[in-house]
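Structural features, examined
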Amino acid sequence: GGEVALAQRRGADAARAASRRLGLHHVAAVAEVHLASAHLTEDALDEARGACDRAIEAFTRHGNRRLAGLARVTRCRVATAMLDLDRAVVEGERAIQLLEPDPADQALAFASSAETHLTLRDAAGALSLSERAVTLLGTTEVVCLEDAFVHLVHVDALTLAARLAE
């Protein structure tokens, strides 16, 4: 847990610093997203939010919709962890829109939005979003680490819906 996050953060910090020195702003923005994920794992939420915001701004400025969308997925998860749920809903919706051309990436955005709705105790919203995420994953042949997250969020949405129905 903590050692992995520390190693991830140190690697992302080094990559960000080196890429900035070399003028590789795109690489620096990718490092910011990885840094945000590491901060999220460590519950350093203000740092995670700042890293996400810098990455989103850079990807948007350079017209990279896909990476801006993936950065917004992370921003959605950070906002959910911070209980800034209005912001999380907005970031999730933006991520879904930006990632529309890619079913695997969009599935991740739907799952992140579903996670926000779980925190809101909105079983119907979480279930609808997580079902869309699982359906999108079924249309791809790509298997990635995020698949587990999508399925876990769906199970959590099913569980919440069942509990609230009792």
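As a reminder, the structure under discussion sits directly above these lines.
Being a predicted model, the structure only gives us computed values, none of them experimental.

**Focus on unusual backbone geometry**
Trans peptide bonds make up the majority, and among non-glycine residues the majority have a negative phi. Positive phi, close to 60 degrees, is recorded for Asp43, a residue that is not glycine. Residue placement: Asp43 occurs in the loop between α2 (25-41) and α3 (45-61). Phi angles above zero are rare outside glycine, and Arg121 is one such case at about 65 degrees.

**Brief notes about the environment of Leu83**
Looking at the secondary structure, you find Leu83 in the loop between α4 (65-81) and α5 (85-98). Classification of Leu83 as exposed rests on a relative accessible area of 60%. Linking Leu83 and Leu120, residues 37 residues apart in sequence, is a C-alpha distance of 9.2 Å.

**Some points on helix α8 (residues 146-165)**
The periodicity of an α-helix, 3.6 residues per turn, causes residues three or four places apart in sequence to face the same way. Across its 20 residues, α8 extends 29 Å between first and last C-alpha, which sits within 8% of the 28 Å expected from 1.5 Å per residue. Restricting attention to buried positions, one finds in α8 the residues Asp147, Phe149, Val150, Val153, His154, Ala157 and Leu160. All buried residues of α8 lie within an arc of 165 degrees about the axis, which places them on one face of the element. Turned more than 90 degrees off the buried face of α8, the exposed positions are Leu152 and Arg163. On its buried face, α8 sits against α4, α6 (103-119) and α7 (123-138).

The rules behind the values
Residues numbered from 1 in each chain as written. Predicted model: local features only at pLDDT ≥ 70, side-chain atom pairs only at ≥ 80, totals over all residues. Heavy atoms only, no water. Helix = DSSP H or I, 4+ residues; strand = E, 2+ residues; numbered from the N terminus. Buried < 20%, exposed > 50% of the residue type's maximum accessible area, 1.4 Å probe, protein only. Expected span 1.5 Å × (residues − 1). Arc of directions from axis to C-beta. Contact = heavy atoms within 4.5 Å.

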